[in-house]
Amino acid sequence: MLKRLSKFFGGLFRKKDNLKIGFYGPPNAGKTSLANLLCLDWTGEELGTVSEIPHETRQVQFREKVEIEHKGKKMLLKIIDTPGIATKIDYEDFLNYGVAKGEAKKRAKEATQGIIEAIKWLDDMDAVIIVLDSTENPYSQVNLTIIGNLLARKIPVLIVANKIDLRKSNIKKIESAFPEYPVVGISAKKATNMSDFYDAIFKLTRKV
Amino acid sequence: MKKKNSKLKGFSIHIMPYSEIRELTITERVKKILQLILGNKVVILQGRLRPEEEIRLIEDTMAMVDHIRSFKGIELAVVDSHKGDDPSFFLKMRRGIARGLTGESSSLTVIGPASIVKEIKKDPSKIEVFFS
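(A) Structural view of the environment of A:Lys154. When you line up the elements, A:Lys154 lands in the loop between helix H5 (141-152) and strand S5 (157-162). Judged by its relative accessible area of 73%, A:Lys154 falls in the exposed class.

Structure below.
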């Protein structure tokens with residue numbers, strides 16, 4: 001009984017600080033690049049390594065107490081970067097990037113486990129930033145499945161259309177695919193449009 | 001000259017009416033689908049899985065990729081037959097969640113082994129399945 005009361009009052013007066021913000025999306029969309037940018041800006045250290053090889057992030061990685069200050073407002077976040085979610089993993093795909101066979105098999109095994117881990121973390125998130133590659137078709141079932149699960153769990157979502165610096169980028173297609181969610185276009189590589197991104201994060205956390 | 005598609009493996013299509021899985025638990029549904037996929041079958045399910053079933057399917061698929069040497073995963077797509085004033089994905093999803101989901105006759109789910117189904121390209125109103 002005491003435990004339940006404590007949980008109730010804990011929830012009632014919970015300060016909206018150290019909110020758990022997850023970065024989700026398909027492989028190679030730029031989740032870690034964006035998480036790095038955020039962590040570097042506000043903690044002085046990056047979170048993980050990035051690479052053109054898919055599934056570079058194969059374990060959930062996080063940074064606690066990332067304090068963001070934007071337009072006179074402050075917020076404390078726990079940034080959680082997750083492995084890209086996919087429905088298939090073939091070690092032979094890594095060979096095309098010059099990865100040796102043994103390493104490719106190891107990478108594939110770690111990638112499958114990383115996807116399982118990313119899915120298990122879904123329930124722990126206060127809000128989620130879905131990072132999509134704006135040069136790719138947004139209607140992939142993985143994107144729809146992730147968003148469907150967040151909707152079912154009532155977890156607030158912000159969609160980031162990354163790679164807007166590329167010629168093939170098409171934010172409108174992402175906006176029309178997910179009309180009920182805010183979409184902000186950025187380039188994590190060139191740190192473009194970050195002010196709008198921070199505006200969007202503050203709005204997102206108000207929904208928690 | 002050797003034909004390019006000489007390595008195409010045999011497969012069959014399994015049409016699954018929703019009634020075939022209606023009474024099953026989430027674990028049983030996913031297991032049934034994955035058993036068919038492992039048997040090199042492309043499953044066409046009348047209706048769609050719940051979001052938590054779709055994500056469980058991905059999770060269990062990854063566990064199988066990890067344990068079964070020749071298994072590379074799945075290709076998955078849901079297509080809705082609405083055209084014209086097509087309600088958004090979210091409206092459909094909300095309606096679906098509200099009615100406890102799914103088995104909507106207007107949706108079709110295509111699930112195939114990644115070794116056979118190379119890619120499923122999806123746009124709001126059409127679906128293209130590419131075989132290896």
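That was the structure; now back to the text.
(B) Expanded view of the packing of aromatic side chains. All names here are of chain A. What the rule picks out here adds up to three aromatic pairs over all chains. Consider the rings of Trp-42 and Tyr-198, whose centres lie 5.8 Å apart with planes at 80°: the pair is edge-to-face. Pair noted here: Trp-42 is in helix H2 (residues 31-43) and Tyr-198 is in helix H7 (residues 194-206), with a separation of 156 residues, a long-range link. With relative accessibility at 30%, the residue Trp-42 sits in the partly exposed group. Tyr-198 sits in the buried class, given a relative accessible area of 6%. Between Phe-197 and Tyr-198, the ring centres sit 5.6 Å apart and the planes meet at 50°, which makes this aromatic pair tilted. Residue classification places Phe-197 among the buried residues on the basis of a relative accessible area of 0%. Aromatic ring contacts, followed pair by pair, group Trp-42, Phe-197 and Tyr-198 into a single cluster. When the ring centre of Phe-62 is taken as origin, the NZ or CZ atom of Lys-78, which lies over that ring, is 4.5 Å away.

(C) Local environment of the pattern of salt bridges. Going through the model one piece at a time under the given rule, you end up with 16 salt bridges over all chains. Between B:Glu59 and A:Lys120 there is a salt bridge whose closest N-O contact spans 2.6 Å. Of the two residues, B:Glu59 sits in helix H2 (residues 51-67) while A:Lys120 sits in helix H4 (residues 101-121), which places them in two different chains. Looking at B:Glu59, the relative accessible area reads 12%, which means it is buried. Taking the shortest distance from any N to any O, the salt bridge between B:Asp60 and B:Arg56 comes out at 3.3 Å.

(D) Representation of unusual backbone geometry within the structure. One non-glycine residue with positive phi stands out, namely A:Asn28, at about 65°. Of note, A:Asn28 is situated in the loop between strand S1 (19-24) and H2. For A:Asn28, a relative accessible area of 31% translates into the label partly exposed. Even without a glycine there, the phi angle at B:Asn40 is positive, about 60°. Tracing the backbone shows B:Asn40 in the loop between helix H1 (26-38) and strand S2 (41-46).

About the cut-offs
Within each chain, residues carry numbers counting from 1 in the order of the written sequence. Chain labels run from A onward and ligand labels from 1 onward, assigned in the order the entries are written. A pLDDT threshold of at least 70 governs which residues receive local features in this predicted model, and a stricter bar of 80 or more applies before side-chain atom pairs are shown or counted, although totals over entire chains, interfaces and linings include all residues. The side-chain values count all of the structure's non-hydrogen atoms but skip hydrogen atoms and water molecules. Only DSSP runs of H or I covering at least 4 residues are called helices, and only runs of E covering at least 2 are called strands; the numbering of each starts at the N terminus. When a residue's accessible area, from a 1.4 Å probe over protein chains only, is under 20% of the maximum for its type it is buried; when over 50% it is exposed; and in between it is partly exposed. Centres within 6.5 Å make a pair out of two Phe, Tyr or Trp rings, where for Trp the six-membered ring is used; the pair is then stacked when the planes are under 30 degrees apart, edge-to-face when over 60, and tilted otherwise. Two limits define a charge over a ring: the Lys NZ or Arg CZ must be within 6 Å of the ring centre, and within 35 degrees of the ring normal. We define a salt bridge as a contact between a side-chain nitrogen of Lys or Arg and a carboxyl oxygen of Asp or Glu at a distance within 4 Å.

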